[in-house]
Structures are given as C-alpha cells and as structure tokens.
Amino acid sequence: MGRSLLRILFRVGLLATFLLAGWVVYLDAQVTDRFEGRRFEVPSRVYARPLELYDGASVSAAGLTRELELAGYRRGSGNRPGYYQRNGQRFVIHTRGFLFPDGEEPARQLSLRVSGDQVSGFSVVSGPSSAIVRLEPARIGGIYPAHREDRVLVQLSDVPQPLIDGLLAVEDQNFHEHIGIAPLSIARAFVANIKAGRIVQGGSTLTQQLVKNFFLTRDQTLVRKANEALMSLLLEFHYSKDDILETYLNEVYLGQAGNRSINGFGLASQFYFGERLKNLDLHQMALLVGMVKGPSYYNPRRHPERAMARRNLVLKEMAEAGLLDARQADQAQNRALDISAQPSYNDNLYPAYIDLVRRHLARDYRDEDLRSEGLRIFTTLDPAIQQASETAVRDTLPKLVGSEHLEGALVVTGKDSGEVLALVGGRDPRFAGFNRALDARRPIGSLVKPFVYLTALKQPERYTLITPLQDKGFVLEFDDGRRWQPSNYDEEERGEVPLHRALSHSLNLPTVRVGLDVGIPAVQDTLRAFGAPTPIPDYPSVLLGSLSLTPVEVAQIYQGLATSGFNTPLRSIREVTDANNQPLSRYSLKVEQVADNGAVHLVQYAMQEAMREGTGRSAYNWLPEQLSLAGKTGTTDDGRDAWFAGFSGDLLAVAWVGRDDNRGTALTGASGALPVWSEMMARVPQYGFSPVVPDDVQYHWVNVGKQALTEEHCPDARFMPFIIGSEPEDIYDCGGAVGREIRSWFEGLFNE
Amino acid sequence: MNKHVIARLGALFIMLALAGCASRMGGESIYVPMGGETRTQDAPAPPQTSEPAPEEPQVWRKSEQPETTEPETRTPSYRESGDQLPEAALTLIRDADQYLQRGDTDGALSQLERAQRIAPRSPEVYLKLAQAYVQKGNLDSAEQFTLKGLSLAGSNARVQRAGWLLLADIRRARGNVAGAAQAEERAAAL
C-alpha cells in the first residue's frame, strides 16, 4: 500500500518535473528569442561631415561653437577631452579623437583664433602635431530596424551615469547582486503593502519589468507572476547585467502619444524634452526615472504637479543613497520641468537629408542591413550651411505674397566637389514629410536657357556673346496644324538684342530663335551631357523649360555650368564602414568634362551679368556688391514655379518656391526663389565666383552696338570674353570711325 | 608605357608644379556674412549655450597673391589663374604621397579628396588626384582630373606644363597617340 502510494507519487512527481522542464524550455525559447531580437540589431549611425580646422578655414565663431555643441562638446577649461574654452576670438579645444574610415584622428588640444570668419593662429598644443585636424563628426541621426522604428536606441556607454544610478536607486537597488528575482524585496514589498492596505511598493526587479514589457499583458495572475519570475531567472542565466540593463533602457514603457507608445529612454528624452538623452540635465533625468512607475499618472504634460512631486522624490532618494550631495539635489529640485512644447519622435535632426542618404544607400545596400548591422555612414552634410538653409526657407517664405499656401525647397552643393551640403524639403525642416527637394518634379522654365545658349556658343564661328538676336514675335506651325506663339515675360519686343543680354535678361523670343537655329536635338544633347535625366521632350517649348526636374536634378545639371564644364556627380555619402570600421564603400569624387571650357566661360559671363544687371540683380539687396555670383531665374506659367539656381566660388544652390497643389502664385523666380537663395548665401562665409580664363578665351573691350573692338575710355565700352578668333574684326574708336583691327596694346597682356 | 613609369613622371611634374607654391591662405578675399554672429542666434537646434561674441570687424582680406586684373565691381569677374595651395592642403598632399609610396591608393585618394575640399580651385590638387588614379590603374579618371587641373591652371605656366605632359603620358598609355602628341605640343608651346 505504502509502496504503491510512493510509486504513484514518484510517477506524478516525474511527470510534473517533465512538464515543468518542458515549460521552462518553452519559456526559455520565448524569452531569449525576444531578447535576441531586441539586443543584437544595431541601427546605422549617420554622421555629418567632420569640420576641418586649419589656418585659413572658413568658419564663424558662432558656427564653430555650434559645431562643437552639436558634436557634444561642453564649454569648460578646454584641458579635458570633449571640452572647449572660448575667450572672445580665441578657442582652446580638446578633441576626443575619432576613428575615421581612413584612420585614427588622435585626441589633441588645439588653440586657434577665429576672426573675420577665418581660422588663424592654428596650433596643436598637445598631441601629435599637424597643420590640419578634423573634429569628431556630429551624429545627425540613425537608421533603425523596421519593427523598432519607434525607438531612439541608446547604447549603455551613451547613457549618462546619473540616470543609471537614479534608476537603480529607485527601481532596483540590488540589480547588480540579484539573480533576476529578489525574494527579499518581494517580501519587503508584501509587508509594506499589507501595512498600507494598498499597493505602495512593487517588488519587481528591472529584469522582471523587462520581461513584463516583452509580453505586454497587464493581468496580475499568480501563473503570470510565476512565468515572469522563471523568465527573469532564464534571462539572467543567459545574459550579462549590462546587456539586460541596456535592453531595459531601450524597452521600458514611458508614455503614450495617441495609439503610439513611447518606449525607451532615448525616445522619451526626445518626446518630452526634444533633446538627446546625453544632453539632459539632472532634473530632467530624474523626471524620466520617476515616470517609470506610472507614465500616464505622472505624465508631465497632463499632470505637471504630480510629475514635479515625483521628480523631487526621486532626487531626494538619490541624495539619500549618496548619489548627489544636498546642494545638487536642492538645485535640481528648484528647476522647472523644462518640458518641450512640441513632442518630437526621432533624433534625426535633418529628416530630408537623411531621406536623401537612405535613397543613395538603397542602391548598394539591402534595407535590413542598413537597419540592423550597425553601419557607420559618413555623409557630406555641413551643419552650418544646413542651418543657414533652414533659416532661409523658414524666414523667407512667410514674407512672400500668398505665403500661407507656399512651400519651398533648397539644395546646396559644393561647387567643385558635388557634395550635397544641405537640403531643405519643405518649410518645416523638422517634419519628415513630402521631400520637395527630391520629389517635387516641376517644369524648370528659364533655368534651361543657359543650356540653349551654351549649345550656340559652342560654335564660335556662328555665335558670340555680342551676336545680335531678334527679339520679335513669331508663330510656329506644326504639321498637325497646331500653332505655338511664344512671347516674352513682359510681353514686350525689343527688336535687336545682343546674345549676352538676351540671356542675362531672360528674354524668351531670342532664346527660342537661337534654340531652333542650333536645333532642339543639339540642346537635348547638351542637357543630357550635363546629367539631365531622360527623356527630354523634343518639342520647341523645351527651349523655354517645359522640361520637368526636381531641385536636386537641377543642382546636378548646373554643376557643369558652375565649374569649367565638368560634370560632377552629386554625392551625399563619402564612406560607409561596418561597425568595426572596416570600409564597405567609398563614394569618390568624380569629374567628367562635358563641355568646352571656353564656351562655358562665356555662359558664366552672362550668368554673372544676370546678377549685376539682369533678372537676378535683387540678390544684392541681401548681399554685398563685392561678392561675385552667377545665376539664373526661372518662372513657369502663372507663377506656378519660382526657381533660382546660382553659384559663388564655393557653393552651388538651387531654390524652388511654389504650391503643392500646383496652382499659380503671384511670384517669379526673382521675387519668390531668389530671396530664399540670397538669404542662405548671405549667412555663409564664402569666396566669390571668379572663373579662371580658359586658354582659348581672351577678353576685349568692345562696343556691342557697333559690333566692334573699342577702347576702355570710349563710351559704351564693355570688357568681354571671346573664344580666340571670334572677336569682332572692326574697330570703333571714340572719334566715331570704324576701321580694321590694329594690334591693340593689351593683346599679349594675358598670354605670355 | 608602364603605368608606374607614368606615375613616377607624373609625380615629378607635379612636384615641379608644387615647387614654390603654398600660401597660408588660398585664393582671394572671402565674404564675411554681415553680423553673422547675431543672425544665426534665432535659429533652432542645436542649443546655443554660449553668449554672443563681441562684434567682429567686417573686413575684406586680400591674399598675398599679386592682384589679378580685376575689373571694377559690378561687372562679371574672372581671373588669370587658380588659387595657390594653402599649407593645410599641402600637408594632406604630402600625406597622400606617403600612402602612394606604400601602394595604398585608396588611402591616398581619401587624403587628396580632403585636400580638394580645402582647395577646390587649386589646379595642383587635381593633377595629384590624376597621379593617384594612374597608380590605381584608372586612366579614364586620371585623364579627367588632369583636364580639370588644366582648366584651372590659367596663366600658371609651370602647372600648365606639368598638366600637359602628364596628359600626354596618360593618353599614350591609353593608346591615344594623336591626343598625346597634341598635349605634348601644348606643353612645348609654353
């Protein structure tokens, strides 16, 4: 009898053990699967271009300060890595060092002056000496795993110590000792709860809370509790405390925005403060720690008093635990909540730019690799120019006629590098919506004219800058009987105008005549060579810009006009490395000559004239006369699109202003897009545009009306470039006589 | 011709071209935004914790280079030659040379592209890029960078000569005998 009972008990026990073991294996699979999925996906990090410091570098003192702060530098004595000191124009910067794809940039202490927006007196005070040093690049965003798009993932090393200390002090004092559950604290909580007659303490460890977060059911059954405890033990068995803590920091539930939950301290920091976690002050960290207990009950936007009380309690506990001294705690308790007015949902500072980067990367990388392999992506973004561009769009659009419906886009590239330095996709640059810089494909209007004239000027025996053109109306009849009757923007006709003036004043009638004369296919060839995406329309209205392009595409085709006829493919990425700095891709500078340098030089002359005397001259309402610029306005029917594309010695920029619904506006290229362009240019230190005279070009004083060479002191004399051999043969001296050329005194001045 | 020979010759030409250049600051005068210090303050992120700097004098620096025939303002601008190499760019070019000697052309290209960003209007940088591409075996890019360098050489006969001779060698190596002869003629005519 006794024996058989024992046998039954043994069998039941054996069965139970089997079942339990099976259950544990099942739970183990569940919890590790979930944990692995969270733990080992590392988002790609996206960096701005590093600031290069050397004697002669163009940077303003404010720009340098901002750059330092963007890269996480703090103002201080400048003798610890990550700190800088500023004394008027003098800076002492202690760099942290950074592992670039091309090698290590060691930590150094630098001393320099910034005056007149240029670096001088640059020297390395300590560390390996060099005439040029790169700062660490600012991190401008991340590309996150798809199912965790709603996270701003932080790594443990990036989390400020006071936040971790505070969290452990308040939520789990024995985190580093316990094995996943803490029976003692459960007992303590049990006693406290019975004493109080309600739940005042939770006995859960961070590990248990993490498990709870993985399997979001809120019921508090005993079975669930048991499962939770088992899973916690299993997690602790498999993973290190740091792994668990880091995952906890990225998973913990900290609020709700509509139907979207705010998980993780990184996102919570953005959501409540609009700041990166590492930039938070003590009182802000304490608030986040306090909110773990009840994110909606302590919601600082809804219940500021509760949140404040909770925060101060956290600070008090931190002080009691010896983490703060009384003064620190006191100061932090006296701070306001400092919640941001607008919730923000990601840490991508420049969503439109990151959008461009992702599209470039999509050509070479699989989406899931970008999101999970921890790639390091080094972009060409220049934070100072980006800021100038955002400010220009944001401040200028509201001042324009009909502003409430207007949208805008701005692209800035390095004139000779093709690097995309800044990109604005709409009037709210923080909003990751429709990216007009990449996706608004609109007719380019008169922006096409330089290509029409370039095609003509490639034939110096037929066209020069002073070739007289007919500014007179005409009608084109097509085979199918349709008629096309182009006209000038101002509906006027001027009779005869020289070519340079037709371009600088953007006259339609002479342009169409020249375009038809050289042939539409020749103009198409030019556009294609300069990088215009095909197909290009082949009807005559293409000569007035019926071709539709995006602002970035316009920047691409203008690259060849801005340089000496060299197409330079636009790039937003310099390099990509894997998480261990092994290079994966380099995107090199490329140049390709697509037009004769001489012909381009002539077009550049007329585009400079457009700024001085033609349709672009209002730019100098913003900019100093000394800064030479070249550019072209573009306006489409009914002011649907206002364009401006132009360049200085350093920068090429394209601005577009119009309406998303494609309705008309009261704007032109000059009154809509040029103000945005000029406002941006006015904020950036840079060199003026001054092209080198090509070998086959020579400047002459000419009298344009007389089609003759003349002398400087004569009336109406203009100093103009000609492809050698195409200059006029007649000579007009001020006496009024026109004769054959005699070798003028200035010949040979320029070609030795 | 063997590409190593071209590379060596290229290096020689370019060192000739580089000899005697290097100025502290490249180019002519730089535009300084009006009140740039205060205007940037109304911008949003990143937070600015520093106080505004004392107003800096609005100055126009002229380089140490001889003045080019600059037409008076308000008329289109041009000049007779590209920028001189600033010291910092020269440092990077020397670094690139060390990479090239070790046979690390990608390392050299990285440094040269940094130099290009600092001195985008200096012809020497492009000739040096051309040299690195010769060593890499990419003669197409080498030719294009040589042409780009030449387009900025202007009246600088030393750079012109180096560029045309380099171009002649590259073209010959690519089998373009006529183009090579043409380039040599240009060099000889200087």
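Looking up chain B in an unreviewed UniProt entry gives the name Tetratricopeptide repeat protein, with the organism given as Marinobacter persicus.

By the naming in an unreviewed UniProt entry, chain A is Penicillin-binding protein 1B, taken from Marinobacter persicus. UniProt annotates chain A under Subcellular location (unreviewed entry) with the comment "Cell membrane". Per UniProt, the comment on chain A under Pathway (unreviewed entry) is "Cell wall biogenesis; peptidoglycan biosynthesis."

Trainee: Just to check I follow, could you spell out the overall build of chain B for this structure?
Mentor: A count of helical and extended segments in chain B gives 8 helices and 1 strand. Along chain B, helices (α) and strands (β) appear in the sequence α-β-α-α-α-α-α-α-α when read from the amino end. Across the 190 residues of chain B, 51% fall into the buried class.

Trainee: What's the story with the sheet that holds strand β29 (residues 651-659) of chain A in this structure? I'm lost.
Mentor: Strands belonging to one sheet form pairs held by backbone hydrogen bonds; the direction of such a pair is parallel or antiparallel. All names here are of chain A. Taken together, 5 strands build an open sheet; the order of strands is β16-β15-β29-β28-β27 and the sheet is antiparallel. Here the strands that pair on one side only, and so sit at the sheet edges, are β16 (420-424) and β27 (630-635). Here the average twist between neighbouring strands, direction ignored, is 10 degrees. With 7 bridges joining them, strand β28 (residues 641-647) and β29 adopt antiparallel strand pairing. Bridged to Phe644 within β29 is Ala655. The strands touched by helix α20 (residues 551-562) within the sheet are β15 (406-414), β28 and β29, with β29 carrying the most contacts at an inclination of about 145 degrees.

Trainee: Any chance you could explain the sheet that holds strand β24 (residues 573-577) of chain A here in plain terms?
Mentor: Residue and element names in this part refer to chain A. Ordered in space as β11-β1-β14-β24-β25, the 5 strands form an open sheet in which the pairing is mixed. Edge strands, defined here as strands with exactly one partner in the open sheet, are β11 (139-143) and β25 (583-586). For this sheet the average axis-to-axis angle between neighbouring strands, irrespective of direction, equals 20 degrees. Sheet topology places strand β14 (residues 376-379) next to β24; 4 bridges connect them, and they run antiparallel. Bridge assignment links Phe378 to a residue of β24, and that residue is Glu575.

Trainee: What exactly am I supposed to notice about the confidence of the model for chain B here?
Mentor: As a general rule, the predicted coordinates of low-pLDDT regions are not to be interpreted in detail. Residue and element names in this part refer to chain B. The pLDDT averaged across chain B works out to 75; a share of 64% of its residues lies at or above 70. Put simply, helix α2 (residues 36-39) is where chain B has its lowest mean pLDDT, 37, and helix α6 (residues 139-153) is where it has its highest, 97. Throughout residues 20-27 the model reports pLDDT below 50, and contacts reaching past four residues in sequence, or to other chains, amount to 30 contacts. Taken as a whole, residues 35-73 scores under 50 in pLDDT and shows 65 contacts with residues more than four places along the chain or in a different chain. Taken together, the chains of this predicted complex give a pTM of 0.81 and an interface ipTM of 0.80.

Parameters at a glance
- Residues numbered from 1 in each chain as written.
- Chains lettered and ligands numbered in written order.
- Predicted model: local features only at pLDDT ≥ 70, side-chain atom pairs only at ≥ 80, totals over all residues.
- UniProt positions renumbered as here; feature names shortened; annotations may be inferred.
- Helix = DSSP H or I, 4+ residues; strand = E, 2+ residues; numbered from the N terminus.
- Buried ≥ 20, exposed ≤ 12 C-beta atoms within 10 Å, placed from the backbone.
- Pairing = 2+ DSSP bridges.
- Axes fitted to C-alpha atoms, helices over the stretch in contact; angles between N-to-C directions.
- Contact = placed C-beta atoms within 7 Å.
- pLDDT = per-residue confidence, 0-100.

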